[in-house]
Amino acid sequence: MITPVARHAKTGEGVWVFVEHLSARLSEDTLALVTEGRRLARCAGTTLRVVVTDTANTEEPQILLQHGVQQVYRVHGMALEQPAAEAYANTLVDLLVEHRAAILLLSSNPLYDDLAARVAARLQTGAMINCTSLNLGADGVLFATRLIYGGRFQATLTCSVCPQIVTLSTDTLPISEPDPARHGEIIQVAEYRHPTLTELVQRVRQRRRTADLEEAEIIVAGGRGMGGQEGFQLLQELADLLGGMVAATRAAVDAGWVPLSWQVGATGKTVHPKLYIAWGISGAYPHTVGMRDSETVIAINKDSNAPIFSLADLGIVGDVREVLPAIIRHLRQEKPSGGEYRLY
Amino acid sequence: MESIVCIKQVLDPDCQLELSKGGQERAQFGTCCRWFEITQPRYTLNPYDRVALEAAVGLREQTGRGQVTAVTIGPPRAQAVLHYALAAGADQALHIWDNALEDADAYLTAMVLAHAIRRLDCDLIICGQRSIDTGIMCVAAKIAETLALPYICGVDALELADRGSIIAHHCLDGAWDEIVRCRLPAVISVGIRMNQPRYPNLRRYRQALKTDIPILSLDSLGLTTEALKVAGPVIQIWDVSASRRLPRRIFVPGSHLPVDKRTQLILSGGIRSRRGQLICAPAEHAAGEVMRFLRERGLLQGD
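Residues numbered from 1 in each chain as written. Chains lettered and ligands numbered in written order. Predicted model: local features only at pLDDT ≥ 70, side-chain atom pairs only at ≥ 80, totals over all residues. Heavy atoms only, no water.

Overview of the overall build of chain A
Our working definition: Helix and strand definitions here come from DSSP, where helices need a minimum of 4 consecutive H or I residues and strands a minimum of 2 consecutive E residues; each element is numbered from the N-terminal end. Note on exposure labels: buried denotes an accessible area under 20% of the residue type's maximum, exposed denotes more than 50%, and partly exposed covers the range between, all computed with a 1.4 Å probe on protein chains only. Should any heavy atoms of two residues lie within 4.5 Å, those residues are considered in contact. The accessible surface values rely on the Shrake-Rupley method and a 1.4 Å probe; as for residues, cover is taken only from the protein chains in view.
The helix and strand tally for chain A stands at eight helices and 15 strands. Relative to its full complement of 344 residues, chain A shows a buried share of 58%. Sequence-distant contacts, at least 24 apart, represent 65% of the contacts inside chain A between residues at least 6 apart. Summed over its atoms, the accessible surface of chain A is roughly 13600 Å², and 50% of this surface lies on carbon and sulfur atoms.

Here is the structure:
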């Protein structure tokens with residue numbers, strides 16, 4: 001049995017969060033992670049620092065400061081021409097070593113899990129991947145809980161070396177309220193550019209078709225106003241062009257136009273897409289309660305008094321049977337190749 | 001194409017697993033097995049490693065030359081996965097075990113694997129992206145770092161390119177995929193969807209069962225327990241318990257709002273009204289507006 005040499009290097013300082021956006025938007029995941037980071041930083045009595053990559057979103061650092069970040073490190077010229085995980089790992093490793101970080105928090109997705117593993121390997125520490133919850137113990141030791149054996153059990157882990165690296169699934173984390181009175185520092189950092197061992201051939205945007213409506217990023221939903229199954233076939237075309245999924249209200253399901261698994265609402269599924277387009281949906285409460293967390297809502301209905309319009313970021317008063325084909329035509333013009341990227 | 005596939009024998013997740021009543025007094029390194037009472041243990045090859053084997057065998061068939069070596073670190077019962085590997089097309093099998101490795105975590109395992117692989121001649125080292133028991137995804141990254149080799153994680157598709165390179169496709173997150181190229185020798189970890197592993201050949205399986213695969217100890221690899229102590233496992237397991245259902249995020253009105261407003265929000269389910277634009281226009285114009293709106297927000301595919 002190996003009993004390792006006790007190496008409690010709890011000499012680290014600061015809870016670090018790394019955030020990057022290949023698109024220009026600050027997401028809820030980031031804010032949830034920052035909220036969690038702040039909680040840990042307060043427990044540990046240390047500062048919360050966030051490393052962001054330079055993107056088109058210039059307000060992001062300010063928003064982060066308002067959510068309780070003490071220092072935002074803005075890395076410039078972040079290598080978008082290099083493979084993401086390796087390039088970010090190179091930069092992060094330098095920053096973490098320079099500032100002797102205690103904890104690194106990332107949200108859990110394939111990119112960040114990869115990144116965490118690389119950084120951990122480079123720094124001779126361990127990464128705790130895809131954790132569901134974190135607790136801070138004495139001496140700044142982080143206890144990370146993750147599911148094992150196919151989710152039947154959970155294990156609580158610690159890492160005996162600093163920085164303690166964790167990727168966290170952010171779905172269930174709360175988001176704090178921003179406070180404009182909070183201040184902090186924004187530190188510009190020139191990129192630590194290292195050559196990478198792998199090179200980037202191409203980075204492709206894909207909308208993943210998930211089996212689960214609840215995980216879909218784009219949903220086009222139809223209601224009574226669709227008039228029948230043919231309307232839903234057109235909606236499927238629209239969904240394919242946008243890279244999303246089709247959903248329906250109870251009215252459409254009860255009319256037999258679509259299967260029950262497509263239903264969104266109080267007696268159906270609750271969804272949180274980035275984009276929700278409501279076609280011929282009146283917007284009664286039992287439906288809207290299932291989609292109210294959508295980031296962006298577009299509604300099309302021929303009744304200008306429909307309640308759905310009070311929930312929509314963009315409302316179109318019109319006949320779905322005319323507007324839908326028009327939009328499909330426009331989308332086809334945009335993308336003559338159409339469909340998803342095909343390999344080789 | 002000389003390839004090395006790192007495989008792992010895991011506890012079959014469908015087998016009867018119960019937490020042992022006594023619990024553990026102190027933290028453990030390494031595996032979670034000590035927390036469980038396993039009445040009828042059933043072991044299997046990690047499904048991701050099955051995919052890795054198939055990838056290696058496929059590459060050998062494609063290039064028409066080279067050998068596939070399957071390596072595992074595990075107690076004597078782990079010979080079973082090596083037999084499977086030989087039956088599935090591997091040419092050689094390596095079994096490494098030492099009692100000192102009983103408490104090894106993923107990092108220590110990776111270090112030992114790297115050490116063993118360093119002595120072998122190879123072009124490509126293939127691992128499964130994760131293991132289904134404890135699911136730590138770090139072995140491949142650690143091997144790559146220890147051997148200073150290029151590493152691509154979660155490969156979904158692989159192609160051999162010219163000048164001794166490979167081109168691999170992997171996902172970054174829900175929205176982005178990358179196509180990456182690197183020179184060989186390299187390390188890759190494969191995602192579960194990369195291929196469909198073939199059924200092992202029965203004749204080969206019978207032959208494999210007759211082969212006695214020697215178990216290499218740490219000494220024969222030139223590793224001392226002292227060296228391992230210094231490297232040491234880093235991840236400690238404090239507790240294993242039954243999993244709890246993950247909480248769902250529910251709407252909670254902001255605490256800065258007055259009580260009546262909060263009550264109203266709770267009752268209405270937090271549906272917030274949005275001050276959006278309302279457009280009454282002919283269909284063509286409306287469609288144009290929607291396109292403009294989507295484009296502005298970066299919601300169109302290909303943005």
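Considerations on the side chain of Asp313(A)
Relative to the assigned elements, Asp313(A) resides in the loop between strand 14 (296-301) and strand 15 (314-317). On the basis of relative accessible area, Asp313(A) is assigned to the buried category, the value being 16%. Setting aside residues no more than four positions away along its own chain, Asp313(A) makes contact with Glu295(A), Thr296(A), Val297(A), Arg274(B), Gly276(B), Gln277(B), Phe293(B) and Arg297(B).

A word on the nonpolar core
Defined as follows: Remark: nonpolar core denotes a set of buried residues (Ala, Val, Leu, Ile, Met, Phe, Trp, Tyr, Cys) joined through side-chain atoms within 4.5 Å.
Counting residues in hydrophobic clusters, the biggest one holds 112 residues, and the most contacted among them are Phe18(A), Leu104(A), Leu115(A), Val119(A), Val112(B) and Ile143(B). Counting residues in each nonpolar core, the second largest holds 39 residues, with Ile218(A), Ile300(A), Leu331(A) and Ala287(B) among its members.

Structural notes on unusual backbone geometry
Pro163(A) follows Cys162(A) through a cis peptide bond whose omega is -5 degrees. Between Leu184(B) and Pro185(B) the backbone carries a cis peptide bond, its omega angle lying at 0 degrees. Phi angles above zero are rare outside glycine, and Gln124(A) is one such case at about 55 degrees. Even without glycine at this site, Ala148(B) takes up a positive phi of about 55 degrees. By the element assignment, Ala148(B) lies in the loop between helix 4 (139-147) and strand 10 (151-161).

Structural notes on the sheet that holds strand 13 (residues 275-279) of chain A
Operational definition: In this scheme, strands are said to pair when DSSP sees at least two bridges between them. Angular values range over 0 to 180 degrees, each being the angle between N-to-C directions of two axes fitted as lines to C-alpha atoms, with helices fitted over their stretch in contact.
Pairing within the open sheet is parallel, and its six strands lie in the order 12(A)-11(A)-13(A)-14(A)-15(A)-16(B). Of all the strands in the sheet, the pair left with one neighbour each is strand 12 (245-248) of chain A together with strand 16 (277-280) of chain B. Strand-to-strand twist of the sheet, defined as the mean angle between neighbouring strand axes without regard to direction, takes the value 15 degrees. Along the sheet, helix 5 (residues 229-242) of chain A contacts strand 11 (218-222), strand 12 and strand 13 of chain A; its crossing angle with strand 11 of chain A, the most-contacted strand, is approximately 170 degrees. Running at roughly 140 degrees to strand 13 of chain A, helix 8 (residues 320-334) of chain A makes contact with strand 13, strand 14 and strand 15 of chain A of the sheet.

A closer look at helix 4 (residues 110-122) of chain A
Residues and elements named next belong to chain A. The condition is simple: A helix's residues, less one, multiplied by 1.5 Å, set its expected span.
The terminal C-alpha atoms of helix 4, which comprises 13 residues, lie 18 Å apart, in line with the 18 Å expected from a rise of 1.5 Å per residue. Along helix 4, eleven of the 13 residues are buried, which leaves the element largely enclosed by surrounding structure. When we look at burial in helix 4, the residues that qualify are Leu111, Tyr112, Asp113, Asp114, Leu115, Ala116, Ala117, Arg118, Val119, Ala120 and Ala121.

What to know about the packing of aromatic side chains
Put simply, the rule reads: In summary, the pairing rule links any two rings of Phe, Tyr or Trp, Trp by its six-membered ring, whose centres are within 6.5 Å, and it sorts them by plane angle into stacked for under 30 degrees, edge-to-face for over 60 and tilted for everything else. Whether a charge sits over a ring depends on NZ of Lys or CZ of Arg being within 6 Å of the ring centre and within 35 degrees of the ring normal.
All chains considered together, the criterion is met by seven aromatic pairs over all chains. Centre to centre, the rings of Phe153(A) and Phe36(B) are 4.7 Å apart; their planes meet at 70 degrees, and the pair counts as edge-to-face. Of this pair, Phe153(A) sits in strand 7 (residues 153-159) while Phe36(B) sits in strand 5 (residues 36-37), on two different chains. A single burial state applies to Phe153(A) and to Phe36(B), both of which are buried. The ring centre of Tyr43(B) lies 3.9 Å from the NZ or CZ of Arg77(B), which sits over that ring.

A short note on the environment of Arg292(B)
With respect to the helices, strands and loops of the structure, Arg292(B) is situated in helix 8 (residues 283-296). Sequence separation between Arg292(B) and Thr224(B) is 68 residues, and the spatial gap between their C-alpha atoms is 66 Å.

What about the interface of chain A and chain B?
For interface size, the figure often reported is the accessible area lost on association. Which entries qualify depends on this criterion: Buried area: the sum, over both parts, of the accessible surface (1.4 Å probe) that disappears when the two are put together. The term salt bridge refers to a pairing of a side-chain nitrogen on Lys or Arg with a carboxyl oxygen on Asp or Glu at a separation within 4 Å. Polar contact is defined as a pair of N or O atoms within 3.5 Å, subject to the rule that within protein one atom must be able to donate a hydrogen and the other to accept it, and that residues adjacent in sequence are counted only when both atoms are side-chain atoms. Charged means Asp, Glu, Lys or Arg here, nonpolar means Ala, Val, Leu, Ile, Met, Phe, Trp, Tyr, Cys or Pro, and polar covers whatever is left, Gly included.
Taken together, the contact between chain A and chain B spans 107 residues of the former and 104 residues of the latter. Overall, the association of chain A and chain B removes approximately 9100 Å² of surface from exposure, summing both partners, and the carbon and sulfur fraction of that is 58%. One can count three salt bridges joining chain A with chain B. Note that Arg329(A) is salt-bridged to Glu284(B), the shortest N-O span being 2.6 Å. At the boundary of chain A with chain B, the tally comes to 29 residue pairs in polar contact (both at pLDDT 80 or more). Broken down by element, the side of chain A that touches chain B gets its largest block of residues, nine residues, from helix 4 of chain A. Partitioned by chemical class, the residues of the side of chain A that touches chain B number 52 nonpolar, 29 polar and 26 charged. As judged from the four bridges shared by strand 15 of chain A and strand 16 of chain B, these two strands associate in the parallel manner. For Leu314(A), the partnering residue across the bridge sits in strand 16 of chain B and is Gln277(B).

Points about the pattern of salt bridges
Any two side chains of opposite charge can pair, on the condition that their charged atoms come close. Residue and element names in this part refer to chain B. In the structure shown here, the tally under the stated rule is 19 salt bridges over all chains. We note a salt bridge from lysine 8 to aspartate 133, for which the minimum N-O separation is 3.3 Å. Here the residue lysine 8 occupies a position in the loop between strand 1 (3-7) and strand 2 (9-11), and aspartate 133 occupies one in the loop between strand 9 (124-128) and helix 4, the gap between them amounting to 125 residues. Here the salt bridges share partners, and the residues they tie into one network are Glu54, Glu61 and Arg198.

Quick word on the packing of helix 5 of chain A against helix 8 of chain A
Residues and elements named next belong to chain A. Just so we agree on the cut-off: Geometric relationships in this document are graded by angle, where less than 35 degrees denotes roughly parallel, more than 145 denotes roughly antiparallel, 65 to 115 denotes roughly perpendicular, and other angles denote oblique. It is the rotation of the near helix from the far one that decides the hand of a crossing: anticlockwise by less than a right angle makes it left-handed, clockwise makes it right-handed.
Two elements in contact, helix 5 and helix 8, have axes separated by 10 Å at closest approach and are oriented at 25 degrees. Here helix 5 lies roughly parallel to helix 8, going by the angle between them. By crossing handedness, the relation of helix 5 to helix 8 is classed as left-handed. Residue-level inspection shows Gly231, Leu234, Leu235, Glu237, Leu238, Leu241 and Leu242 of helix 5 in contact with helix 8, the latter providing Leu324, Pro325, Ile327, Ile328, Leu331 and Arg332. Considered class by class, the residues forming the contact of helix 5 with helix 8 number ten nonpolar, one polar and two charged.

Thoughts on a nonpolar patch on the surface
Condition: Distance thresholds for patches are 9 Å for like charges and 5 Å for nonpolar side chains (Val, Leu, Ile, Met, Phe, Trp, Tyr), applied to residues having over 30% relative accessible area and no salt bridge.
Where nonpolar side chains cluster on the molecular surface, the patch consists of Leu202(B), Tyr205(B) and Leu209(B) and spans about 290 Å² of accessible area. Here Leu209(B) shows up in helix 5 (residues 202-210).

Let's talk about the domain arrangement of chain B
So the rule is basically this: Domain delimitation follows an automatic or database domain assignment.
Taken domain by domain, chain B comprises domain 1 (3-231) and domain 2 (248-303). Between the C-alpha centres of domain 1 of chain B and domain 2 of chain B there is a distance of 48 Å.

Here's the deal with the pairing of strand 4 (residues 103-107) of chain A
Residues and elements named next belong to chain A. The element strand 4 is extensively covered by neighbouring structure, given that five of its five residues are classed as buried. On strand 4, burial covers both faces: Ile103, Leu105 and Ser107 on one face and Leu104 and Leu106 on the other are all buried. Summarising the sheet, strand 4 and strand 8 (residues 164-168) pair through five bridges and their orientation is parallel. When the sheet's bridge partners are listed, leucine 106 is paired in strand 8 with threonine 167.

Things to note about a negative patch on the surface
Residues and elements named next belong to chain A. The following threshold applies: Think of it this way: Lys and Arg go in the positive column, Asp and Glu in the negative one, and His and the chain ends go nowhere. Charged groups are reduced to one reference atom each: NZ for lysine, CZ for arginine, CG for aspartic acid, CD for glutamic acid.
A cluster of acidic side chains, namely Asp29, Asp171, Glu214 and Glu215, defines a negative patch on the protein surface. Residue placement: glutamate 214 occurs in the loop between strand 10 (198-205) and strand 11. Look at glutamate 214 and you get partly exposed, because its relative accessible area is 35%.

Considerations on the pairing of strand 11 of chain A
Residue and element names in this part refer to chain A. Worth spelling out the cut-off: Handedness rule for crossovers: strands pointing away from the viewer, path from the first strand over the helix to the second running clockwise, crossover right-handed.
In terms of burial, strand 11 is a largely internal element, five of the five residues being buried. Across five bridges, the pairing between strand 11 and strand 13 is parallel. In the sheet register, alanine 221 faces strand 13, and the bridge partner there is alanine 278. Taken together, strand 11, helix 5 and strand 12 constitute a β-α-β crossover, and its handedness is right-handed.

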